[in-house]
Amino acid sequence: MSRPLIRKNPSNFKTLPLFVEATPEGLSYQSVGMPLNFAQTLQRRRPVTVADNERFALELANLGVSVRLTLHWQNRDYWVLVRQRRQDRGDVVLKLISGYVPAHELNLPLHTAIQEIAEECLLETPEGWLAGRFNDTWLPAPYAGALHYREAPAFRLTPLSGAARPVRCANLQLLERPRAYVHLPTASLQLIYDLRLDVPKDAKSLSLFHVDERLEGDQLVARLDRKRPDLYLMPLENGQPCAELYTLKKDQLHPASTRGLHLAESFAQQEGWVVSDERIRWKDWLRQRGLDEPEKDTQLARLTGRARQILRRIVPAKTRRQG
């Protein structure tokens, strides 16, 4: 059974439409019109077109923010992906941690991105849930009323290198240089921040869970479902992704099926400032990256190192008894 952690009134959320201007040198956005609630925003998320992918000016429905989160755990790096059933688009995808930027944070989307990590990416140890810091700032503990957060140790977030082309909110250049793209099917501007999460060394028996809000009646409800962790790790080799997915439970990686898998549009091909696809098939994304899925035997061998060690101890013992 899933456990409700928090309930919200969706009408309390307000965002603003945007006017976006893009050139080959950079992109800028500013708010226009009156604040919109979630339902009004969805109504405006209808397909738009541009004549030139590098140079255009148009009005968009909203600003969205995502985090390409690199988790550093046991001396290895992983991209963090979450599973989401997108009710507005009628599909299920793996995507980056992401959310809508509220009206009062349009000029500080990095703050929204950090809050999304605190809300969507939960790290559990037997002693409780880990809190986190971004540089010297503590992340919020959004479910403190339902979950026990540890005072120490805490995970640490740090920025990684940003995109080459600048993005501005009006005349203010955004810190950490997020990657930006206009998603034509939903008439939205999307920003992607590159952040790193370091798990403290003394955080033992770690499990990862994704928590997402869903509309239930007239409330947004965040639920924790231990049977569906819905948070996936993609290993990196020399900074490049591998064609593998895992869940993490009590310090053990478990392979996840990629059959029929789709990734969200942030993984699709970007042309200039524009992404035109709703999603991309896992196999197509691998082909674009020049990646091959590992053989199952190889994948299993990597995961069962501990089992092989046990087997080495058992086999000699049996041999001695047979002798």
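Preceding block: the structure.
This report concerns the structure included in the present document. Keep in mind it's a predicted model, so treat the numbers as computed, not measured.

Reading the values: rules and limits
Residues numbered from 1 in each chain as written. Predicted model: local features only at pLDDT ≥ 70, side-chain atom pairs only at ≥ 80, totals over all residues. Heavy atoms only, no water. Pairing = 2+ DSSP bridges. Helix = DSSP H or I, 4+ residues; strand = E, 2+ residues; numbered from the N terminus. Contact = heavy atoms within 4.5 Å. Axes fitted to C-alpha atoms, helices over the stretch in contact; angles between N-to-C directions. Buried < 20%, exposed > 50% of the residue type's maximum accessible area, 1.4 Å probe, protein only. Polar contact = N/O pair within 3.5 Å; in protein donor to acceptor, adjacent residues only side chain to side chain. Disulfide = S-S within 2.5 Å. Phe/Tyr/Trp six-rings, centres within 6.5 Å; stacked < 30°, edge-to-face > 60°. Core = buried A, V, L, I, M, F, W, Y, C linked by side-chain atoms within 4.5 Å. Expected span 1.5 Å × (residues − 1).

1. Quick word on the sheet that holds strand 10 (residues 128-129)
- A sheet is described by the order of its strands in space; here three strands give the open sequence 10-9-18, paired in antiparallel fashion. For this open sheet the edge positions go to strand 10 and strand 18 (207-210), each flanked by a neighbour on one side alone.
- Relative to strand 18, strand 9 (residues 121-125) runs antiparallel, the two sharing four bridges. Counted as the bridge partner of C121 is H210 from strand 18.
- Each of strand 9 and strand 18 is contacted by helix 2 (residues 109-120), which is oriented at about 45 degrees to strand 9, the strand it contacts most.

2. What to know about the environment of R214
- Structurally, R214 can be placed in strand 19 (residues 212-216).
- Residue classification places R214 among the partly exposed positions, given a relative accessible area of 41%.
- C-alpha of R214 to C-alpha of P185: the two residues are 29 residues apart in sequence and 22 Å apart in space.
- Look past the residues within four positions of R214 in its chain and what remains in contact with it is Q219, L220 and V221.

3. Looking at the side chain of N62
- Secondary-structure assignment places N62 in strand 5 (residues 62-73).
- By relative accessible area, N62 is classed as buried at 1%.
- For N62, the side chain forms a polar contact with the side chain of R45, separated by 2.9 Å.
- Apart from residues no more than four positions distant in its own chain, N62 is found in contact with T15, L16, L18, T41, R45, Y100, A187, S188 and L189.

4. Things to note about the state of the cysteines
- Enumeration according to the criterion identifies zero disulfides in this entry.
- With no disulfide of its own, C121 lies 19 Å from the sulfur of C242, the closest cysteine sulfur.
- The exposure class assigned to C121 is buried, which follows from its relative accessible area of 3%.
- The class of C242 is buried, set by a relative accessible area of 13%.

5. Points about the packing of aromatic side chains
- With the rule as written, the count across this model stands at six aromatic pairs.
- Ring centres of F38 and Y100 lie 5.2 Å apart, and the angle between their planes is 85 degrees; on these two criteria the pair is classed as edge-to-face. Here the residue F38 occupies a position in helix 1 (residues 38-44), and Y100 occupies one in strand 8 (residues 97-100), the gap between them amounting to 62 residues.

6. Digging into the sheet that holds strand 19
- Strands sit in the order 1-20-19 across an open sheet of three strands; the sheet is antiparallel. Of all the strands in the sheet, just strand 1 (3-8) and strand 19 have a single pairing partner and so form its edges. Here the average twist between neighbouring strands, direction ignored, is 35 degrees.

7. Focus on the environment of A144
- Mapping A144 onto the fold places it in the loop between strand 12 (137-138) and strand 13 (155-159).
- Residues A144 and W129, spaced 15 residues apart in sequence, show a C-alpha to C-alpha distance of 9.6 Å.

8. Regarding the nonpolar core
- Ranked by internal contacts, the top residues of the largest apolar core, which has 55 residues, are Y29, F56, L69, I117, L123, L157 and L189.
- When residues in this core are grouped by element, the largest group, six residues, is from strand 5.
- Here L189 is in contact with L18, V20, L27, Y29, L60, N62, L63, G64, A180, Y181 and V182, once residues within four sequence places are set aside.
- Ranked by size, the runner-up nonpolar core spans 21 residues in total, among them L96, L261, F267 and V275.

9. Brief notes about helix 2
- For helix 2, with twelve residues, the first-to-last C-alpha span of 16 Å sits near the 16 Å given by 1.5 Å per residue.
- For helix 2, the set of buried residues is P109, L110, T112, A113, I114, E116, I117, A118 and E120.

By themselves, these are just geometric observations and shouldn't be taken as functional.
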